[in-house]
Amino acid sequence: MSNMENAVEPQKRSRKTHNGIVQPLLTDLYQITMAYAYWKSGKMNDVAVFDLFFRQNPFQGEFTIFAGLEECLRFLENFHYSDSDIEYLKATLPKSTEEEFYVFLQSLTTESVTLYAIEEGSVVFPRVPLIRVEGPLIIVQLLETTFLTLVNFASLMATNAARYRLAAGRRIKLLEFGLRRAQGPDGGLSASKYAYIGGFDGTSNVLAGKMFNIPVKGTHAHAYITSFNNLTELQVKLAERRFLNIYDIVMNEQMLLNRLTGQEENLLDRCIEWRDKILPVLNFSSNEASDGELAALVSYAIAFPDGFMALVDTYDVKRSGLINFCAVALALSDLGYRAIGIRIDSGDLAYLSNKAHEVFQKVANQFNIPWFSELEIVASNDINEETILSLNEQNHKIDCFGIGTHLVTCQRQPALGCVYKLVEINGTPRIKLSHDVAKVTMPGCKSAYRLYGVEGHALIDLLQRSDEDPPEVGHRVLCRHPFEESKRVHVTPRRVEHLHKCYWKDGKTQCELPTLDQVRQRVQTSLLTLRQDHKRNLNPTPYKVSVSDCLYNFIHDLWLQNAPIGELS
Ligand SMILES: Nc1ncnc2c1ncn2[C@@H]1O[C@H](COP(=O)(O)OP(=O)(O)OP(=O)(O)O)[C@@H](O)[C@H]1O
Ligand SMILES: O=P(O)(O)OC[C@H]1O[C@H](OP(=O)(O)OP(=O)(O)O)[C@H](O)[C@@H]1O
Ligand SMILES: O=C(O)c1cccnc1
Ligand SMILES: [Mg+2]
C-alpha cells in the first residue's frame, strides 16, 4: 500500500494493483526454500488444503472482525515472479539450486488455487477457518506469510476500531489521527483503511483519503496558534505588504466578505468588540485571553470562514481559548457564517467539555443564537477504549474523538495470532498435535455454519466435515465442544448461515467484491447479531464454537492414531 508509484496516481491504477508492495517476495525465505524441497521431492502435484484461523480473540474480548480478504484476492490476481525476483532468488538461494526450479517458479500462477472465505467485515471467532485454500501444495504453501500479514493486522485494526465504536456509541464521531505514530507508512495507511472499516468516520491521513475514498478531516495544531504573538501581528504583515505594494491583497489579512451585505468588513475589529461583550456574560471581570491566540483564530477564520474549528487548549481553555473562540464565532455569525466548533487536546476532557458546552449555551441564550449551543466539541490526547468508557461515566459533552496512538498501534495488543495450517494432503486429513489442547489443529476439509436463535442473535458456530449434510432450520443438531467430551448442547436454529463462500477459482474472483463502505456496513450489521454480553468490555461471555458429532469423533480418532504411546520404565 505504500508503494510510491501507486501512491502518486491511484485513480489511474486498476483496483488490482493498488497494493504494490504486496508481491510474491513479500514472504519468509523458508516458504521458498520449502518450495524448492517440495519440488525436488516430487511433491509438485500434491494437492493440499490449508486453514487460516486464530486461536484467541484480541484485547481480552470475545469477538474479532475479519478483514484483509480483498487484499488477499488482489494478491492472488497478481501473483507472478518477475524477472528481477528470479534474479534475486538466484543470487540468494544456494548455488546448488537447480536452474529448472526457477523456470518452474516463474511459470507459477494461482489458476489452480481455490479459496473459500468468510465475508470480509464479519464477526468471527477462534478456530473457525476465516479462509480455506485448496490447490497444489507448493503454491498454497507459498501464500502463507503474505496472507497472514494481510489478514492479521487488518483484522486486529478493524477489531480495535469496532471496539472503540462500541465504547463511544453510535452518536459520537470518531476520527483517526494516528499516522505520525503508526508503525511506518504502510502501517499508517493500513490503520487508516481498517479503522474506517471498523467504524471510524474519517481520517486525517490524506493519502488514505485519496486511495481508499475515506472522508478526510482535521483541525489545526498548537503550532498554528503559537505562531502568532499578538494582535498587531496581522497589522504588521499589512504594513510589510503595503511596503511591497500589494496593499489590495493585504486587506484580506483582516477583511472578510459580509455574506449578508456583500461588503468586505474588518473581522478582527468585530472580534475585539465581541470579546469585550462576552467577558461579563461569562463572569470574567478582566480580560486574560491571549491576543496571539485571537490573532491566530481570526486568521484561520478568514482562511476557512465556513469551516471554522479552533484548538482552544494552547494557553488556558476557560480563560482564553473558549473566550477567543466565541468572539470569532460571533463575529463570523454577524457576517453570515456558522462556526463548526472546538478541539480540546489536554486537561480533564470531561470537565472541560462540560465547561465548553455551558459557555456555548450561555452565549446562545444571551445573544439569541440557538445553533451556538450545538457547536461541536472535539477531544483528543492519548484516548483509548478505557478513556472513552470512563468519560461516558462522567457525562462528557464530547461530540467527536480524535484518536491516534492507541488506535493505530493497537497498543493494548499489538498482534493477532492468525495461523495457516495444513489440514489435508491428497485427500488425507492431517493433524498437528500439541501438549496444549487448544493448539491441536482440526483436520480435514470443514464447512462452517452460524446458527441463529429466536431473536436473531447468533447462538453458536458449528464446524462439520465437508461431506456432512448442512444443519437445517427447525431441526435439532448436536453441537460439541471440540476437545471437552462432556460439553455438548442441542441447538434448533431459526436461521442457518453457511459461512464460507467461494471467492477464487480458475484464476479469477468468483463474485463481485463489496466496496469499502459495504464492508464497513457489514461490520455493524454483523456486530448487531452478537449478544451484548459477548461484546461488553469487562469479562465478556465467550461465544461458543462447536463441532458436529461426526467431526468430533473424526478429530479424536485421528488424534489417537497420531499420538505416540509413551513407555514408562
Ligand atoms: N475526565 C477524564 N477521565 C479519564 N481520563 C481522562 C479524562 N480527561 C483526560 N483523560 C486522559 O488522561 C490523560 C491525560 O494525559 P496527560 O496528563 O499527559 O495530559 P495533559 O497533562 O492533560 O496534557 P498535556 O501534557 O499535553 O498538556 C490522557 O490520556 C487523556 O485522554
Ligand atoms: O494523542 P493521540 O491519540 O496520539 O492523538 C493524536 C495526537 O496527535 C496530535 O498531537 P501530538 O500528540 O503530536 O502533540 P502533542 O503532544 O503536543 O499533543 C494531536 O494534538 C493529538 O494529541
Ligand atoms: O487534524 C487534527 O486535529 C489532527 C491531526 C493529526 C493529529 N492530531 C490532530
Ligand atoms: Mg497529544
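Since the model is a prediction, treat every value here as computed from it, not as a measurement.

**Some points on the sheet that holds strand β3 (residues 114–117)**
- Strand order in this open sheet of seven strands is β15-β14-β1-β5-β3-β21-β22, and the pairing throughout is antiparallel. On the outer flanks of this sheet lie β15 (428–429) and β22 (508–509), each paired with one strand and no other.
- As paired strands, β3 and strand β21 (residues 501–505) are joined by three bridges and run antiparallel to one another. Residue pairing in the sheet places Leu115 in a bridge with Trp504 of β21.
- Helix-sheet contacts for helix α3 (residues 69–78) involve β3, β5 (131–136), β21 and β22, and the interaxial angle to β21 is about 25 degrees.
- Taken strand by strand, helix α7 (residues 144–168) contacts β1 (47–53), β3, β5 and β14 (419–425), and its axis lies near 135 degrees from that of β14.

**Some points on the site of ligand 2**
- Around ligand 2, a shell composed of Arg180, Arg181, Arg343, Asp345, Asn381, Asp382, Ile383, Ile403, Gly404 and Thr405 is seen.
- Residue Asp382 places a main-chain N or O atom 2.7 Å away from an oxygen atom belonging to ligand 2.
- In this structure, an oxygen atom belonging to ligand 2 sits 2.5 Å away from a side-chain N or O atom of Thr405.
- Against a free-state accessible area of 460 Å², the protein chains account for coverage of 72% of ligand 2.
- According to the grid-proximity analysis, the pocket containing ligand 2 is the second largest pocket.
- Across the shell around ligand 2, the residue classes tally to two nonpolar, three polar and five charged.

**So, empty space enclosed by the protein**
- Taken as a whole, this structure holds two cavities of 30 Å³ or more when the rule is applied.
- In this structure, the largest cavity occupies an estimated 100 Å³ of space.
- Together, 14 residues line the largest cavity, and Leu69, Glu70, Glu120, Pro514 and Val519 are the ones closest to its centre.
- Contributions of two or more residues to the lining of the largest cavity are made by α3, α8 (184–198) and α19 (516–528).
- Per-class residue counts for the lining of the largest cavity are eight nonpolar, one polar and five charged.
- Quantified by volume, the second largest cavity comes out at close to 70 Å³.
- If you trace the second largest cavity, you find it lined by Asp51, Phe53, Arg55, Arg127, Ala438, Lys439, Val440, Thr441, Met442 and Lys446.
- Here the lining of the second largest cavity is composed, by residue class, of four nonpolar, one polar and five charged.

**Quick look at the confidence of the model for the protein**
- Counting all residues, the mean pLDDT for the protein is 93, and 93% of those residues have values of 70 or more.
- Low pLDDT (under 50) marks residues 1–17, which in the prediction has 38 contacts with non-local residues, meaning those over four places away or in another chain.
- If you check the scores for this complex, the pTM reads 0.94 and the ipTM reads 0.96.

**Concerning the packing of helix α14 (residues 291–303) against helix α15 (residues 317–334)**
- It is the contact of α14 with α15, at a shortest axis distance of 10 Å, that shows an interaxial angle of 35 degrees. In the crossing of α14 with α15, the sense of the turn from one axis to the other is right-handed. Residue-level contacts link Glu293, Leu294, Leu297, Val298 and Ala301 of α14 to Ser320, Gly321, Asn324, Phe325, Val328 and Leu332 of α15.
- For the contact of α14 with α15, the class distribution of residues is seven nonpolar, three polar and one charged.

**Things to note about the layout of surface pockets**
- Reported here for the largest pocket is a volume of approximately 730 Å³.
- Lining the largest pocket are 32 residues, and of these Arg127, Pro542, Tyr543, Lys544 and Val545 sit closest to its centre.
- Elements that contribute at least two residues to the lining of the largest pocket include exactly β17 (458–465), β18 (477–480), β19 (488–491) and β23 (544–547).
- A class-by-class count of the residues in the lining of the largest pocket yields twelve nonpolar, nine polar and eleven charged.
- When its volume is computed, the second largest pocket comes out at roughly 580 Å³.
- The wall of the second largest pocket is formed by 23 residues, among which Phe177, Arg180, Arg343, Asp345 and Ser380 lie closest to the centre.
- Partitioned by chemical class, the residues of the lining of the second largest pocket number six nonpolar, eleven polar and six charged.

**Details of the packing of aromatic side chains**
- Inspection of the entire model under this criterion finds 21 aromatic pairs.
- Ring geometry for Phe483 versus Trp559: centroids 5.8 Å apart, planes at 90 degrees, classification edge-to-face. Here the residue Phe483 occupies a position in the loop between β18 and β19, and Trp559 occupies one in helix α21 (residues 549–562), the gap between them amounting to 76 residues. For the pair Phe483 and Trp559, one class covers both residues: buried.
- Aromatic rings pair up to connect Phe50, Phe75, Phe79, Tyr81, Phe147 and Tyr420 into one cluster.

What counts as what
Residues numbered from 1 in each chain as written. Chains lettered and ligands numbered in written order. Predicted model: local features only at pLDDT ≥ 70, side-chain atom pairs only at ≥ 80, totals over all residues. Heavy atoms only, no water. Pairing = 2+ DSSP bridges. Helix = DSSP H or I, 4+ residues; strand = E, 2+ residues; numbered from the N terminus. Contact = heavy atoms within 4.5 Å. Axes fitted to C-alpha atoms, helices over the stretch in contact; angles between N-to-C directions. Near = heavy atom within 4 Å. Polar contact = N/O pair within 3.5 Å; in protein donor to acceptor, adjacent residues only side chain to side chain. Areas by Shrake-Rupley, 256 points an atom, 1.4 Å probe, with all protein chains shown as cover. 1 Å grid on protein atoms, 1.4 Å probe; cavity = no way out; pocket = protein on both sides within 12 Å on 5 of 7 lines; lining within 4 Å. Sits in = over half its atoms within 2 Å of the grid points. Nonpolar A, V, L, I, M, F, W, Y, C, P; charged D, E, K, R; others polar. Points joined across faces, edges and corners; volume = space filled by probe spheres on them. pLDDT = per-residue confidence, 0-100. Left-handed = near helix turned anticlockwise from the far one by under 90°. Phe/Tyr/Trp six-rings, centres within 6.5 Å; stacked < 30°, edge-to-face > 60°. Buried < 20%, exposed > 50% of the residue type's maximum accessible area, 1.4 Å probe, protein only.

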